[in-house]
Each structure stands twice: as C-alpha cells, then as structure tokens.
Amino acid sequence: MIYVHVPFCRRRCNYCAFNSTVGDETQRAAYVDALITEINLRGDNSSVETIYFGGGTPTTLTLNQLARIVNAIGNGFDIDAGAEITIEANPGTVDADYLRGLRSLGFNRLSLGVQTFDDALLKFLGRIHSSRAAIETVELAKKFFGNVSVDLMYGLPNQTLNGVRRDVTQVGGLDVEHVSIYGLEVEVGTKFFALNAAGQLPLPDDDICADMYDFITLELPALGFRRYEISNFARGNFVSRHNIGYWTGKRYFGFGAGAHGFDGALRTSNVRGVDEYISRVSAGMSVAQVEEVVDKRAAMEEFCFLGLRMVDGISARTFAKIFGTEIFAVFGDVIEHNRRRGLLNVVGDRISLTNRGMSLGNVVFADFLL
Ligand code: SF4
C-alpha cells in the first residue's frame, strides 16, 4: 500500500486541521521534485495493491506533475494489475479533460470532498464549491470513473437534522459507489476554533448530533449503501480496499510532507512542514521519524481496535494464528465487559461492535489498550 500526500489547496477551509497549505507554483514544483526523490530512494520493488493520493487537494497538481509521480511509483514498486488507485478531488476543480487524464494515468477511484449540499453551510465552512458544482462534478466524474466516493459532514454550525436529511437524500439520488461520513471536530489552530472560543460558532448540541448520526447510519443502508465500517458505506463491493488495509494492519509506505508509514514493526511520520520537507529531501537528509515501535502487545491492541472499526469485526482464529495465543486469554475480560453492556457481539469465531457499539466505538477501543 502506498499513500502520497499532496498538501496544496486553493484556499484553506475554516475547519481544516489537515496538513494543507495554499502554496504557489514554485513551491508545488519543488514539492513534486522532492516527492519523486523520496519515492526513488525508498522504492523497493515490493508489490502494491492500493495507492491513495490524499491531501490537501491532489488535483491542484497538473496532470504532468501527477504523471511524474505515478511513473516514479511504477519504477520503484510492482503495482498489481488490479490495484485500486484513488485520488481525492474537490468539486468544481476538475473538468472533463482533467478527469480523462486522471483515468489515463491509471487512477480508477475518485474521492470527492462534497461535505454538504447546503450552499450557506459550504460558504461558512470556507469551501470553494457550491452545491450545484458538487452535483455536476459527480455527474461528470461518473463519465470517466466507475468508482466514485463522496464525503459528507454532519454536526456543522447552523446545520439542522432536516438539512442532514436533505443531504442524505441528495446523495441517495447520485450514482456514486461509496460514502464516507465525518462529524465535525473543532480543532486547535483552525478559524473555527477561534470562532468557537469567541462564542461565535453555532454548533448543534450533542443530542442533535447523535440524531444526525443515527439518521445517516440508518438511511444510507436504506438507500443501498452497505455500512462496512463505522463511518464508511458502499454500494455493491465498492469498499475502500486501501482503508481496509489500514484497519487490518497492512504495511504501507507514506510519501510526502507529514505522511505516515508502517513497515510491520515501526510507525513513522515524515516532517510536516512543506518547506522543511523539500529542503531536507534536497539536502539528502532523512524526512522520517519513528512515532511508535509496534511490539507484540501494541500489535495485539491494534489488531482489535482497528479491526473492530469494521462491521465484520475481528476473527478469534486469525488473532490466535498471528499472535500464538487465544484472544480470550488476553482480552477476555474486556470482551465480556463490553458484551454485557451491549457494545460487542461474540458470534462463533467473530467479535464485532453492536449498532450501539458503533456509535460508542472510542469507548470500546480505549478498553483494548492493555
Ligand atoms: S479542501 Fe480539505 S485539505 Fe484543503 S483546506 Fe479544505 S478541508 Fe483542508
């Protein structure tokens, strides 16, 4: 698995805490050169089943820049013929020629940051697109991509339950394969954080947010999107193979500023600053630092709390096979405690969150930290 981070956006959204910046053409060109150098240095010809270009907004790069990055990956790795290759894009920023170009570079999955179809809300969020642009971009994207995902947000300032209903109904009417949902988090350092501190961010209260969440998670399945993870829904088999890789503990390379990687034993992260990343790569210095050594205990914990994110949950047999010990010998008390309070199901070999457990996932996951 490979993740490529492209940190550039046309404008920064008011809630954004991602590693993103507006940048300019010179910085983008230098960044692409650095990214290619990093890929060239670290490529090990290993086989790759999924590639994900995230950001930021990767489609702020030109097709030529993306082609150079894709070529570098092709030279350094063995990309599976059936690999899932995703790129994130924002509505209103891609036209037919650009989408056709993405397909010809090998991208076969498009993830669109729609967030909501409410124009006033989009403006408040600082997004650059309108509801109309979102719908038109989805329709255009479907002419080129057979696998399109949209992101939806809830718990937004001034958002109502009726507004969420309208958004979900709108998504149901679109020919998309996948939906990811996100509850707004007001993060330190964002414009929303400052507004909130000044008492000027009219957020819906917790009960309304819970109602929004319940509505979305009940309604999307009714519209044909099977829930396969706490926040992810797919029509047919169009699950995100890349994200499933994260939840099942696969190894991955992360290229670019702030990108994370996991080699099976170490979790690493690259320096976050774009200019620092560029200058370190140009000077031949390392950009990665070790975040965590994943020893056996940490690996057992991760197996549980990452795997339990998925509706199918985790397999006791697989745990025993990987770790040479029974899951109930290590986590028996935790599993029984959460089963008794209605948050976990234990059926045969499988342990999974109940519906209630899905909405209280973090409470359950915390219990799995030994
Ligand atoms: S488009 Fe996404 S990454 Fe870019 S500023 Fe907005 S929220 Fe952040």
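Our subject is the structure that appears above.
About the cut-offs
- Residues numbered from 1 in each chain as written.
- Predicted model: local features only at pLDDT ≥ 70, side-chain atom pairs only at ≥ 80, totals over all residues.
- Heavy atoms only, no water.
- Helix = DSSP H or I, 4+ residues; strand = E, 2+ residues; numbered from the N terminus.
- Axes fitted to C-alpha atoms, helices over the stretch in contact; angles between N-to-C directions.
- Parallel < 35°, antiparallel > 145°, perpendicular 65-115°, else oblique.
- Left-handed = near helix turned anticlockwise from the far one by under 90°.
- Contact = heavy atoms within 4.5 Å.
- Nonpolar A, V, L, I, M, F, W, Y, C, P; charged D, E, K, R; others polar.
- Buried < 20%, exposed > 50% of the residue type's maximum accessible area, 1.4 Å probe, protein only.
- Pairing = 2+ DSSP bridges.
- Right-handed = clockwise from strand over helix to strand, strands pointing away.

K.L.:
Mind showing me how you'd approach unusual backbone geometry here?
P.N.:
Residues other than glycine predominantly adopt negative phi, and peptide bonds predominantly adopt the trans conformation. The step from G55 to G56 runs through a cis peptide bond, and the omega angle for that step is 20°. Looking at the secondary structure, you find G56 in the loop between β2 (47-55) and α2 (63-76).

K.L.:
Could you clarify how one ought to interpret the packing of helix α6 (residues 161-172) against helix α8 (residues 206-222) in this entry?
P.N.:
For any two helices packed against each other, one specifies the inter-axial angle together with the distance between the axes. Interhelical geometry of α6 versus α8 gives an angle of 20° and a closest axis separation of 10 Å. In this view, α6 runs roughly parallel relative to α8, as classed from their interaxial angle. Where α6 crosses over α8, the handedness of that crossing is right-handed. Contacts between α6 and α8 involve L161, V164, R165, V168 and V171 from the first element and D211, M212, F215, I216, E219 and L220 from the second. Partitioned by chemical class, the residues of the contact of α6 with α8 number eight nonpolar, no polar and three charged.

K.L.:
Explain the pairing of β2 here, please?
P.N.:
Every other side chain in a regular strand lies on the same face of the sheet, so the side chains alternate between the two faces. Buried residues dominate β2, accounting for seven of its nine residues. Two strands pair when backbone bridges link them, and strand β1 (residues 2-6) and β2 are joined in this way by five bridges, in the parallel orientation. Its bridge partner lying in β2, Y3 is registered against Y52. In this structure, β2 lies alongside strand β3 (residues 78-89), joined through six bridges in parallel fashion. Counterpart to T50 in the pairing with β3 is E84. Handedness of the crossover joining β2 and β3 through α2 is recorded here as right-handed.

K.L.:
Can you walk me through the packing of helix α11 (residues 296-307) against helix α12 (residues 316-323) in this structure?
P.N.:
Running from N to C, α11 and α12 point in directions that differ by 165°, and their axes come no closer than 11 Å. Taken together, the axes of α11 and α12 lie roughly antiparallel to each other. The chirality of how α11 crosses α12 is right-handed. Residue-level contacts link K296, A299, M300, F303 and C304 of α11 to T318, F319, I322 and F323 of α12. Of the residues belonging to the contact of α11 with α12, the class tally is seven nonpolar, one polar and one charged.

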